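Observations on the model geometry
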Amino acid sequence: MHALAQHIVNWLKDYQQQAQSKGFVIGISGGIDSAVTSTLCALTGAPTICVTMPIRQTKAEFDRAAEHMQDLKSRFSNVRTQTIDLTNSFETLEAALPLDSISHPLAMANTRARLRMTTLYAVAQANHCLVAGTGNKVEDFGVGFYTKYGDGGVDLSPIADLFKTEVFSLAKALSVVASIQNAAPTDGLWEDGRSDEDQIGATYPELEWAMCFQGATTSLTARQQEVLAIYARYHRANLHKMQAIPVCTVPDEFKALLKQ
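Residues numbered from 1 in each chain as written. Predicted model: local features only at pLDDT ≥ 70, side-chain atom pairs only at ≥ 80, totals over all residues. Heavy atoms only, no water.

Considerations on the overall build of the chain
Summing up its helical and strand segments, the chain has 14 helices and 4 strands in all. Taking 260 residues into account, the globule formula puts the C-alpha radius of gyration at 18 Å, and the chain, at 20 Å, falls close to it. Along the first, second and third principal axes, the C-alpha set of the chain runs to 60 × 60 × 45 Å. Per-residue burial over the chain gives 45% buried out of 260 residues. Counting only contacts in the chain whose residues sit at least 6 apart along the sequence, the fraction spanning at least 24 positions is 73%. As presented, the chain carries roughly 13500 Å² of accessible surface, and 55% of it is formed by carbon and sulfur atoms. The distance from the centre of the 22 positive side-chain charges to the centre of the 27 negative ones in the chain is 4 Å. (Helix = DSSP H or I, 4+ residues; strand = E, 2+ residues; numbered from the N terminus. Rg over C-alpha atoms; globule rule 2.2 N^0.38 Å. Buried < 20%, exposed > 50% of the residue type's maximum accessible area, 1.4 Å probe, protein only. Contact = heavy atoms within 4.5 Å. Areas by Shrake-Rupley, 256 points an atom, 1.4 Å probe, with all protein chains shown as cover. Lys, Arg positive; Asp, Glu negative; His and termini not counted. Charge placed at Lys NZ, Arg CZ, Asp CG, Glu CD.)

Quick look at the structure:
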């Protein structure tokens, strides 16, 4: 795990230097992915800005984020932290939106993520930094469990080739605070603090198994078949997030006419 961490740190350093960027900006949620990503960025030695952006956040989520940022700041001199409370900004936007938007819980949850993305890019541009993504492999390429142009709007993805279970192992090797290592994964977009498993209906180890499964389904247990169905449903519904934006190609004969 330490060798893996060093590999990712070297990759981050190379990308940062090629992009002629000063450092990294990371949104801190109080979850395992952002904790690991921010620690890896800090290990590069480049300026690393950790930003927590509460929007009607549960106390447990906010406290975990604050604990991690304080721990990181005490360990790395290149780490700066910011708390930007976006609750008032979100409520102003909420008041301006039409009723069919604010009455749609998922639409408003995703709006939170997009408001945070906008904030991270404002901080990043002002400091000549890159926005580091915190998505893992099963979220980004399996079930698509992220917000398009929200937490999916980033400059680079250091841990997107790691399964969630691998991220937890890396967190242990990197000495991420215990409160985060022991917390149930959550996207932090709901005031009731619901976990990812509550929303998806399957654990990350189950989803990772489904993502890698090949072969006949006849010998599977009822639960395994259920997990495969959950995975397939999310993958189909969110495939548009994982593919390049479709472009309508104009045939040459139309282009020739346009030039006349």
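Details of a nonpolar patch on the surface
Taken together, the side chains of Val250, Phe254, Leu257 and Leu258 define a hydrophobic patch exposed on the protein surface, amounting to about 410 Å² of accessible area. In this fold, Leu257 is placed in helix α14 (residues 252-258). (Patch = residues over 30% accessible without salt bridge, like charges linked within 9 Å, V, L, I, M, F, W, Y side chains within 5 Å. Salt bridge = Lys/Arg side-chain N within 4 Å of Asp/Glu carboxyl O.)

As for empty space enclosed by the protein
A complete count under the given rule lists 1 cavity of 30 Å³ or more for this structure. As a volume, the largest cavity reaches approximately 40 Å³. As for the largest cavity, its lining consists of Gly30, Gly31, Ile32, Phe168, Ile180, Ala183, Ala184, Pro185 and Thr186. Taken together, the residues that form the lining of the largest cavity break down as 6 nonpolar, 3 polar and no charged. (1 Å grid on protein atoms, 1.4 Å probe; cavity = no way out; pocket = protein on both sides within 12 Å on 5 of 7 lines; lining within 4 Å. Points joined across faces, edges and corners; volume = space filled by probe spheres on them. Nonpolar A, V, L, I, M, F, W, Y, C, P; charged D, E, K, R; others polar.)

Points about the state of the cysteines
The bond known as a disulfide is covalent and runs between the sulfur atoms of two cysteines. With the rule as written, the count across this model stands at 0 disulfides. The cysteine Cys50 is free of any disulfide, with Cys41 supplying the nearest cysteine sulfur at 8.0 Å. Classification of Cys50 by relative accessible area gives buried; the value is 0%. (Disulfide = S-S within 2.5 Å.)

What to know about helix α1 (residues 2-18)
Its 17 residues give α1 an end-to-end C-alpha distance of 24 Å, which sits within 8% of 24 Å, the value for a rise of 1.5 Å per residue. Where α1 is concerned, the buried positions are Ala5, Ile8, Val9, Leu12 and Gln16. The buried side chains of α1 occupy one side of the element, clustering within an arc of 100 degrees when seen end-on. Opposite the buried face of α1, at more than 90 degrees from it, the exposed residues are Ala3, His7, Gln17 and Gln18. Lining the buried residues of α1 we find β1 (23-27), α2 (32-43), β4 (129-131) and α8 (164-173). (Expected span 1.5 Å × (residues − 1). Arc of directions from axis to C-beta.)

Topic: the pattern of salt bridges
Applying the stated criterion across every chain yields a total of 12 salt bridges. With a closest N to O distance of 3.0 Å, Arg112 and Glu191 form a salt bridge. Remark: Glu191 occurs in the loop between α9 (178-181) and α10 (196-200) and Arg112 occurs in helix α6 (residues 105-126); sequence separation between them is 79 residues. Since its relative accessible area comes to 4%, Arg112 is described here as buried.

Description of the packing of α2 against helix α3 (residues 59-75)
For the pair α2 and α3, the least separation of the axes is 11 Å and the interaxial angle reads 15 degrees. By the criterion of interaxial angle, the relationship of α2 to α3 is roughly parallel. Crossing of α2 over α3 shows right-handed handedness. From α2, Ser34, Ala35, Ser38, Thr39 and Ala42 reach across to α3, where they touch His68, Leu72 and Arg75. Here the residues of the contact of α2 with α3 sort into 3 nonpolar, 4 polar and 1 charged. (Axes fitted to C-alpha atoms, helices over the stretch in contact; angles between N-to-C directions. Parallel < 35°, antiparallel > 145°, perpendicular 65-115°, else oblique. Left-handed = near helix turned anticlockwise from the far one by under 90°.)

Here we look at the nonpolar core
Of all hydrophobic cores here, the largest spans 32 residues; its most connected members are Leu12, Phe24, Val36, Leu40, Leu170, Leu174 and Val176. For this core, the elements supplying multiple residues, two or more each, are α1, β1, α2, α3 and α8. A total of 6 residues in this core trace back to one element, the largest contributor, which is α2. Setting aside its immediate chain neighbours within four residues, Leu40 contacts Ala5, Ile8, Val9, Leu12, Ile159, Leu170 and Leu174. Counting 15 residues, the second largest nonpolar core, distinct from the first, contains Phe145, Ile200, Leu228 and Ile230. (Core = buried A, V, L, I, M, F, W, Y, C linked by side-chain atoms within 4.5 Å.)

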